Amino acid sequence: MKNVFDTFFFTEILQGLGVTMKHFFKKKVTYKYPYEDTPVFPRFRGIQYIKTDEEGVTKCVGCYLCQVVCPSECIHIVTDCGHKGQRLIRKYELDLSRCIYCGYCEEACPVDAIHMGRDYHTVDNTRDNYVVNMKTLTQNYKKEQKMAEAKGEQL
Ligand code: SF4
Ligand code: SF4
């Protein structure tokens with residue numbers, strides 16, 4: 001008898017629609033990624049950036065500590081001696097495809113140069129593009145500054 005009642009009055013369909021309508025007006029918990037970014041927690045560790053001074057010069061002094069501490073050996077630094085005896089950074093490369101985002105490089109840096117950012121958009125179709133250099137890492141700093149300013153925060 002119940003089956004006949006359900007068939008004639010579409011009770012199961014109405015029950016299903018009831019569930020749909022209940023959730024229709026609730027606050028959304030999903031995001032339309034990649035059209036919309038998902039929020040990240042304050043201690044999130046994303047793509048690194050390297051800070052620069054007011055003149056745009058990198059704060060990195062080429063001490064190699066980040067390279068030594070990196071457990072996945074994804075940082076590769078080459079330095080040289082300048083004419084005044086100063087250390088020049090000839091190459092600073094970080095392979096994001098090997099990075100495990102542990103944050104050790106940030107912790108080891110003695111001059112507060114390298115930091116874990118909040119950007120997590122690493123997807124690319126070429127392996128070479130995962131290797132970022134000093135120019136990209138300092139550009140990342142500018143991006144992170146803009147993101148922080150938009151949120152009223154300071155890096
Ligand atoms: S986050 Fe960890 S794995 Fe990635 S570069 Fe820094 S030390 Fe290496
Ligand atoms: S630890 Fe800091 S200062 Fe030293 S090489 Fe790495 S980023 Fe540069």
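Calculation rules
- Residues numbered from 1 in each chain as written.
- Chains lettered and ligands numbered in written order.
- Predicted model: local features only at pLDDT ≥ 70, side-chain atom pairs only at ≥ 80, totals over all residues.
- Heavy atoms only, no water.
- Near = heavy atom within 4 Å.
- Nonpolar A, V, L, I, M, F, W, Y, C, P; charged D, E, K, R; others polar.
- Helix = DSSP H or I, 4+ residues; strand = E, 2+ residues; numbered from the N terminus.
- Buried < 20%, exposed > 50% of the residue type's maximum accessible area, 1.4 Å probe, protein only.
- Phe/Tyr/Trp six-rings, centres within 6.5 Å; stacked < 30°, edge-to-face > 60°.
- Pairing = 2+ DSSP bridges.
- Axes fitted to C-alpha atoms, helices over the stretch in contact; angles between N-to-C directions.
- Contact = heavy atoms within 4.5 Å.

Undergrad: How do you make sense of the site of ligand 2 when you look at a structure like this?
TA: Taken together, 13 residues form the shell around ligand 2, and within it Cys 60, Val 61, Cys 63, Cys 66 and Cys 109 come nearest. Considered class by class, the residues forming the shell around ligand 2 number twelve nonpolar, one polar and no charged.

Undergrad: Any chance you could explain the environment of Thr 20 here in plain terms?
TA: Residue position: Thr 20 is located in helix 2 (residues 11–24). Expressed as a C-alpha distance, the spacing of Thr 20 and Arg 127, which sit 107 residues apart in the sequence, is 43 Å.

Undergrad: Quick question: what am I supposed to make of the site of ligand 1 here?
TA: Near ligand 1 lie 14 residues; those nearest to it are Cys 70, Ser 72, Cys 99, Cys 102 and Cys 105. A breakdown of the residues in the shell around ligand 1 according to their chemical character gives eleven nonpolar, three polar and no charged.

Undergrad: Please clarify how unusual backbone geometry should be interpreted in this entry.
TA: Each neighbour pair has its own omega, and for Tyr 33 with Pro 34 the value is 10 degrees, a cis peptide bond. As for its placement among the helices and strands, Pro 34 is situated in the loop between helix 2 and strand 1 (48–50). One non-glycine residue, Tyr 64, lies in the positive phi region at around 75 degrees. Positive phi, normally seen in glycine, also occurs at Glu 73, with a value near 50 degrees. Position of Glu 73 among the secondary structure elements: in the loop between helix 3 (65–69) and strand 2 (75–81).

Undergrad: Would you explain the environment of Thr 38 in this entry?
TA: Within the secondary structure, Thr 38 is located in the loop between helix 2 and strand 1. Looking at Thr 38, the relative accessible area reads 31%, which means it is partly exposed. Spatially, the C-alpha atoms of Thr 38 and Lys 142 are 21 Å apart, while their sequence positions differ by 104 residues.

Undergrad: Quick question: what am I supposed to make of the packing of aromatic side chains here?
TA: For any pair of aromatic rings, the description rests on two quantities: the centre-to-centre distance and the angle between the ring planes. Enumeration over the complete set of coordinates arrives at four aromatic pairs. Ring geometry for Phe 24 versus Phe 25: centroids 5.3 Å apart, planes at 80 degrees, classification edge-to-face. The same class applies to Phe 24 and to Phe 25, which are both exposed. Arranged with centres 6.0 Å apart and planes meeting at 35 degrees, the rings of Tyr 33 and Tyr 120 form a pair that is tilted.

Undergrad: For this particular structure, what's the right way to read the pairing of strand 3 (residues 87–95)?
TA: Every regular strand shows the same layout, with side chains that alternate between the two sheet faces. Relative to strand 3, strand 2 is paired through seven bridges, and the arrangement is antiparallel. Paired with Thr 79 across the bridge in strand 3 is Ile 89. In this structure, the hairpin formed by strand 2 and strand 3 is closed by a connection of five residues, where Gly 85 is found at a positive phi of approximately 85 degrees. As paired strands, strand 3 and strand 5 (residues 131–133) are joined by three bridges and run antiparallel to one another. The residue of strand 5 that forms the bridge with Leu 94 is Val 132.

Undergrad: Where do I start with the sheet that holds strand 5 in this structure?
TA: Two modes of strand pairing occur in sheets, parallel and antiparallel, and in both the strands are linked by backbone hydrogen bonds. Reading across from one edge, 2-3-5 is the order of the three strands in this open sheet, with antiparallel pairing throughout. The open sheet has two free edges, formed respectively by strand 2 and strand 5, since each of these has just one partner strand. Between one strand axis and the next, the sheet turns through 20 degrees on average, direction left out of account. Packing against the sheet, helix 5 (residues 134–150) makes contact with strand 3 and strand 5, and its axis sits at approximately 75 degrees to strand 5.

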